[in-house]
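# Architecture at a glance
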Amino acid sequence: MDLLCLSLNHSVTPLAVREAVAVSPQDTPAFLHELKKRTGADEVLVVSTCNRTELYLWLPAVATSDAFVEMLAMLELRGFTASCIPPNYVFVRNGVAIRHLLRVAAGLESQILGESQILGQVKEAGNIAREAGTDGRVLHRLWERALRAGKRVRTETTLGAGALSVSYAALELARRIFGTLDGRHVLIVGTGDVGLLAIQNLDGSRLGQLTLLNRTFERAQELAQQYGGTARDFGELMDAIAAADVIISSTGAQEPIVSLTDMREIRSRRGGGMRPLLITDVAMPRDFDPGCGALDGVFLKNLDDLRDVVEQNAEGRKRALPVADSIIEEECESFLHWQHNLGVEPTIRGFRERAEQIRVAELEELRGTIDDESFAAIDQLTRRLLNRILHHPSENLRRHRGLRDSEVKQLVHELFTGDVPHPKAENPTNEETS
């Protein structure tokens, strides 16, 4: 069996491509079932966030090549193009794939090193796969191990210290452009995880006004009351944009909520380019037509534009990487040990059953030739003897790291449990051969 991971992420994949292949939570169940059907995988998991879309498959090793082709084909249907040099995707297997998911959950592969949102997103991905019925024993165990690794890195290192999120980086960018947010009108469009973190990071700031928009008005109203802002109906989006200085947008819309035509009208209402407007669009897919940024006075930033802010703020956290890496290795080793045991248990069970069959057959030869008390004593003796003889081989098979290699594991399985022809069966005449 093989564990495969195909990753399109911010390190190698352009924003436009990530946007095209992003799978919304609503679409994920259908995508999972189609992926499972087309690849023939036993188990499937998809992690899709603003900075990555990753497909995880657990399937027979002989199907790996075909599965890889099908994964690419499914993504190409969503607008992905794989024919480029260097490739705009990462494809890894087995131990590397295991380690990758653990690192993703811990925030070690995030654009913002150590950011905490990804842990919740990985958790949600596993829950969706479980509800869709596409995960199984292996991927569910790996998912649990990834969550454990992420939590340990957050609590046992300083990697997660301070405000670490896309929202925080967006606000830092706004402060660099305006110098300060004091007296500014900030508009938050979408009050999901990203929007909520932006609101929390603004708490205590001396804003001129904080406006919240969400498709569910009650949600915006609740947060507005809690954080001292104003809630507006989503139908008032254009009016809210026209009044704002800074916008952070992160809805789950599958199409832009503001077109270039819309923005031209808004800009006209704002007096042309006299009042600068900073928009940080951190939605995936994007909320604002990219062409909006070409208008005078409109500064449109996206996820990739936050890279400089992120890199400057990451230096202090990099000192925590050695400890974080050691945690990942511990958790990876623990999962590999479990996976190894899962693979060798059939072999251990097989040779123990075969030995027991031999013991019982030989014991039956004595039945009727000795009294019942002696028969029972010999039964107990041979049972204890067999268990003691097989104990060390069983434990060694469970601990032996070399058996993680599938070919070695198959060889051991055949040696212990396979039917080996008797020499006379190969040479019926029992003649010596030269």
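Placed above this text is the structure.
All of these numbers come straight from a predicted model, not from anything done at the bench. (Residues numbered from 1 in each chain as written. Predicted model: local features only at pLDDT ≥ 70, side-chain atom pairs only at ≥ 80, totals over all residues. Heavy atoms only, no water.)

Moving on, we come to the nonpolar core. Counting residues in hydrophobic clusters, the biggest one holds 64 residues, and the most contacted among them are L6, L35, L55, L57 and F80. The greatest single-element share of this core, amounting to eight residues, is contributed by helix α6 (residues 137-156). In this view, L35 contacts V44, V46, L55, L57, M71 and M74; residues no more than four positions away in its chain are not counted. Counting 33 residues, the second-largest nonpolar core is a separate cluster that includes L171, A220, V246 and L278. (Core = buried A, V, L, I, M, F, W, Y, C linked by side-chain atoms within 4.5 Å. Buried < 20%, exposed > 50% of the residue type's maximum accessible area, 1.4 Å probe, protein only. Helix = DSSP H or I, 4+ residues; strand = E, 2+ residues; numbered from the N terminus. Contact = heavy atoms within 4.5 Å.)

Spatial ordering of the open sheet is given by β2-β3-β1-β4, a layout of four strands whose pairing is antiparallel. What marks the edges here is a single partner per strand, and that holds for β2 (43-48) and β4 (90-93). Strand-to-strand twist of the sheet, defined as the mean angle between neighbouring strand axes without regard to direction, takes the value 15°. Note: β2 against strand β3 (residues 52-59), six bridges, orientation antiparallel. (Pairing = 2+ DSSP bridges. Axes fitted to C-alpha atoms, helices over the stretch in contact; angles between N-to-C directions.)

The next thing to look at is the pattern of salt bridges. Counted by the stated rule, this structure contains 22 salt bridges. As a salt-bridge pair, D2 and R93 come within 2.6 Å of each other at their nearest N and O atoms. Of this pair, D2 sits in strand β1 (residues 2-9) while R93 sits in strand β4, placing them 91 residues apart in sequence. Across the salt bridge formed by R286 and E19, the nearest N and O atoms sit 3.0 Å from each other. With a gap of 267 residues between them, R286 in the loop between β9 (277-281) and β10 (298-302) and E19 in helix α1 (residues 15-21) connect regions that are remote in the sequence. (Salt bridge = Lys/Arg side-chain N within 4 Å of Asp/Glu carboxyl O.)

Further remarks concern unusual backbone geometry. Cis geometry marks the peptide bond from M284 to P285, where omega comes out at 0°. Among the secondary structure elements, P285 is positioned in the loop between β9 and β10.

Taken in spatial order, the six strands of this open sheet run β7-β6-β5-β8-β9-β10, and their pairing is parallel. In this open sheet, the two strands that pair with only one neighbour each are β7 (230-232) and β10. With strand direction ignored, the average angle separating the axes of adjacent strands in the sheet is 20°. Strand direction decides the pairing type here: strand β8 (residues 246-249) and β9, joined by four bridges, are parallel. In the strand pairing of β9, I247 is matched with I279. Strands β6 (209-213) and β7 of the sheet are contacted by helix α9 (residues 217-227), whose axis makes an angle of about 170° with β7.

Those residues of α9 that fall on the buried side of the exposure criterion are A220, L223, A224 and Y227. For α9, the arc enclosing every buried residue in end-on projection is 105°, short of the 170-degree limit, so these residues lie on one face. Every exposed residue of α9 that faces more than 90 degrees away from the buried side is listed here: E218, Q225 and Q226. Each element contacted by the buried residues of α9 is listed here: α8 (193-202), β6 and β7. Of the residues one or two after α9, G228 is the one with positive phi, at around 75°. (Arc of directions from axis to C-beta.)

Our focus in this paragraph is the side chain of T211. Structurally, T211 is set in strand β6. Side chain to side chain, T211 and Q209 meet in a polar contact 3.4 Å long. When near neighbours in sequence (up to four residues on either side) are disregarded, T211 contacts H185, V186, L187, I188, T230 and R232. (Polar contact = N/O pair within 3.5 Å; in protein donor to acceptor, adjacent residues only side chain to side chain.)

Within strand β5 (residues 185-189), five of the five residues are buried, leaving the element largely enclosed by the surrounding structure. The two faces of β5 match: H185, L187 and V189 on one face and V186 and I188 on the other face are all buried. Relative to β6, β5 runs parallel, the two being bridged by five bridges. When the bridges of β6 are listed, H185 appears paired with Q209. For the segment spanning β5, α8 and β6, crossover handedness is right-handed. Strand direction decides the pairing type here: β5 and β8, joined by four bridges, are parallel. When the sheet's bridge partners are listed, V186 is paired in β8 with V246. (Right-handed = clockwise from strand over helix to strand, strands pointing away.)

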